[in-house]
Each structure stands twice: as structure tokens, then as C-alpha cells.
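These are the residues of each chain, in order.
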Amino acid sequence: AYKRQDAIKKNFLIYTPDEEAWVPATLTHRGKTVKVDIRLKGLGAEHWRDEDAWSFKIKVKGDDTLFGMRRFALQGPGHRGFMQGWYWHKLLRYNGLIALRYDFVDVTVNGKHLSVYVIEENFDKRLLENNNLREGPIFWANLAPFLALKATHFYQSDKYAQKTGFIKMAQIAENLIEGYREGDLPLTKVFDVNKMGKLLALTDLVGNYHTLALTNTRYYYNPVTGFIEPIAYDNNNINPLSKLSFIGAGRRFTDHENEDSDWEWPLA
């Protein structure tokens with residue numbers, strides 16, 4: 001609540017690296033109670049402006065899980081397009097791409113009923129296990145070629161800091177991304193092109209490219225194949241193709257603008 005008041009004053013939510021963001025809580029579902037850490041979620045005010053509809057990030061403590069997950073978000077279904085977000089992850093899984101667990105839950109906080117929320121899986125090894133994949137680094141990467149600095153962020157890096165195998169895989173992934181950004185490595189040597197191609201085709205199919213924005217797409221280094229795979233989420237709308245034109249037609253993944261549309265590309 002204190003952090004929400006601070007965000008309202010600033011009109012955005014941000015946590016500094018040394019800030020104690022998480023607070024302890026208990027979460028109960030059908031008689032099962034687990035201890036968790038919880039914090040406010042969402043850079044924009046739509047996640048916490050409403051007095052009775054805050055978005056949350058949750059980490060389950062210890063070895064407990066809820067719905068098989070240890071890290072997930074709770075937020076209003078409108079932030080993910082209601083059923084459209086649900087369909088998106090079903091579509092990803094059907095086509096052999098990494099899909100988050102995504103469902104609808106009834107939420108009560110401190111005795112106050114908040115109605116229907118979306119529970120959305122976050123990024124850790126259980127996400128990979130649920131997609132029948134070997135444990136490996138999950139990370140965010142800025143693919144923009146004009147940046148001079150390295151731009152990768154690995155999830156749970158502190159947890160794996162003493163594991164040499166993970167560190168080695170993270171270094172390989174980072175070198176692949178940097179090689180691609182600097183133009184030294186082609187896309188075919190860095191990414192699983194079959195899965196990247198499927199993702200681009202599916203975004204064309206639903207007519208929305210929000211998941212491809214630099215701030216949204218996450219990646220997974222597959223230690224079995226040696227390639228990087230996309231983890232697509234936050235594609236919160238399904239639009240008619242008459243609204244936005246295709247991302248394909250020979251365009252590179254790093255193009256910025258579609259010449260046939262006045263819509264600005266969110267890609268790097």
C-alpha cells in the first residue's frame with residue numbers, strides 16, 4: 001500500500017535495485033496454505049490506480065507450489081485481453097512453443113473479495129519443466145543493434161550464481177545475443193529459426209505484435225539444441241488483419257516501420 005501511494009504520486013511504479021520490494025504473506029486455495037512473498041506489479045497506473053484492483057507478483061517460499069508454480073502474477077483479466085490471453089497460450093502450446101500457465105481465479109485479499117483475476121506463470125525452471133524442456137537460462141534481451149552496451153538480464157541469476165553449469169550456459173547465451181546484435185552471427189546461428197518463424201506467423205495470425213516488443217519478449221537458451229528460443233507472452237489482443245499489416249513479406253526481425261501502414265513497429 002505504501003509503494004502504491006508512492007507510485008500514484010510519480011504516476012509510475014519502479015523499484016530500485018537495493019529496495020526491499022517484497023513483503024511476506026500467506027496464500028490459501030482450497031484448504032492448502034502456502035507462505036509467499038508478494039509485491040505490487042505493473043509499471044503503468046492501470047495496474048494499481050483502482051483502489052480495489054491491484055496487480056501482484058508472487059513468489060512461493062520453500063519447496064511449496066501452487067498449481068505447480070512457484071512464481072506467478074495475479075492481475076485483472078483486462079490486462080491480458082480476458083480470454084484472448086488464454087487463447088494465445090493455448091495457440092503457442094499447440095504449435096510447440098513455450099507457453100505459460102494462464103487461468104482465471106477468484107481472489108480475496110484480507111477479507112475483501114476482488115472478483116475474477118488472471119493467474120499468469122512467471123519465469124523459472126518449472127515453466128520449462130511444464131513445457132518438457134531441460135533447465136536452462138531464461139532471460140530478457142534487447143536485440144537492438146545500435147546499443148553499445150550489453151543488454152541481457154537473466155532470471156534468478158542470484159540463485160544460480162554458484163552453479164558453474166548455469167553460469168557457462170548464461171555466458172554462451174549472452175555471447176550469442178551479442179554476436180547477433182553486432183552483426184557477427186546470423187539469426188540461423190543464434191535462434192531456433194523454426195520456432196522463431198512460428199512465433200512471427202502466429203503474431204500475424206492474431207493480428208497483434210505486442211509480444212514482440214523489446215520490453216516483452218523473453219528468451220530461453222536450450223542446452224540440448226544450443227539455440228535460443230522465444231518465450232512469448234503479453235499478446236493481449238486479437239485484431240483483424242485489416243487493422244495491421246503483416247510482419248513478414250521479407251522484412252528483417254529488426255525493421256522498425258511498416259511502409260504500408262502508419263502504425264509504428266515496437267520491434268528493434
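A brief report on the enclosed structure follows. Since this is a predicted model, take the numbers as computed values, not measurements.

## Some points on the layout of surface pockets
The calculated volume of the largest pocket comes to roughly 1,700 Å³. Along its surface, the largest pocket is lined by 43 residues, and Arg39, Lys57, His153, Tyr155 and Arg218 are the ones closest to its centre. Within the residue set of the lining of the largest pocket, elements represented by two or more residues are strand S3 (56-60), strand S4 (71-75) and strand S8 (152-154). A volume near 1,100 Å³ is recorded for the second largest pocket.

## Quick notes on the nonpolar core
Grouped together as the largest cluster of nonpolar side chains are 22 residues, with contacts concentrated most on Leu27, Phe56, Ile58, Phe72, Leu74 and Tyr117. Secondary-structure elements contributing two or more residues to this core are strand S2 (32-40), S3, S4, strand S5 (102-109) and strand S6 (112-121). Of the residues forming this core, the biggest block, four residues, is contributed by S2. With residues near it in sequence (within four places) discarded, Leu27 still touches Lys32, Thr33, Val34, Val36, Ile58, Leu66 and Phe72. In terms of nonpolar packing, the next biggest core, distinct from the first, is built from 18 residues, Ala170, Leu176, Val190 and Tyr219 among them.

## So, the environment of Arg71
Of note, Arg71 is situated in strand S4. Arg71 sits 52 residues away from Phe123 along the chain, and the two C-alpha atoms are 6.9 Å apart. Excluding its chain neighbours within four sequence positions, the residues that come into contact with Arg71 are Ile58, Lys59, Glu121, Asn122, Phe123, Asp124 and Gln156.

## With respect to the pattern of salt bridges
It is possible for side chains of opposite charge to pair when their charged atoms get near one another. If you walk through the whole model with that rule in mind, you get 11 salt bridges. The salt bridge partner of Lys112 is Asp52, with a shortest N-O separation of 3.0 Å. Within this pair, whereas Lys112 is found in strand S6, its partner Asp52 is found in the loop between S2 and S3, the two being separated by 60 residues in sequence. Given the relative accessible area of 39%, Asp52 is considered partly exposed.

## Regarding the environment of Thr108
Along the chain, Thr108 falls in strand S5. For Thr108, a relative accessible area of 46% puts it in the partly exposed group. For the pair Thr108 and Thr28, spaced 80 residues apart in sequence, the C-alpha to C-alpha distance is 9.7 Å. Each residue touching Thr108, except ones within four places of it in the same chain, is listed here: His113 and Leu114.

## Section: the pairing of S3
Counting buried positions along S3 gives four out of five residues, so the element sits mostly inside the fold. Bridge count for S2 against S3 is five bridges, and the pairing is antiparallel. Looking at S3, one finds that Leu40 is bridged to Phe56. Pairing geometry for S3 and S4, over four bridges, is antiparallel.

## Some points on unusual backbone geometry
If you check the backbone angles, Asn110 has positive phi at about 50° while not being a glycine. On the secondary structure map, Asn110 appears in the loop between S5 and S6. Despite not being glycine, Ser115 shows a phi value in the positive range, around 70°. Looking at the secondary structure, you find Ser115 in strand S6. Since its relative accessible area comes to 38%, Ser115 is described here as partly exposed.

What counts as what
- Residue positions are counted from 1 within each chain, in the order its sequence is given.
- Two thresholds apply to this predicted model, a pLDDT of at least 70 for residue-level local features and 80 or more for giving and counting side-chain atom pairs, whereas whole-chain, interface and lining totals are computed over all residues.
- Side-chain figures throughout are based on the complete set of non-hydrogen atoms in the structure, without hydrogens or water.
- A pocket here means an open set of points on a 1 Å grid, computed over the protein atoms alone, that has protein on both sides within 12 Å along at least five of seven lines. A cavity is instead a set of points where a 1.4 Å probe fits but cannot get out; residues with an atom within 4 Å of a point line either one.
- Grid points are joined across faces, edges and corners, and a volume is the space filled by probe spheres set on the points.
- Every helix listed is a DSSP run of H or I at least four residues long, and every strand listed is a run of E at least two residues long, numbered separately from the N terminus.
- In this text, buried Ala, Val, Leu, Ile, Met, Phe, Trp, Tyr and Cys residues form a nonpolar core when linked through side-chain atoms within 4.5 Å.
- Exposed residues in this analysis have more than 50% of their type's maximum accessible area, buried residues have under 20%, and partly exposed residues fall in between, with area computed by a 1.4 Å probe over protein chains only.
- Every residue pair with non-hydrogen atoms within 4.5 Å of one another is taken to be in contact.
- Within this document, salt bridges are pairs made up of a side-chain nitrogen of Lys or Arg and a carboxyl oxygen of Asp or Glu, the two lying within 4 Å of each other.
- In short, DSSP must find at least two bridges between two strands for them to pair.

Honestly, it's all geometry; don't read function into it.
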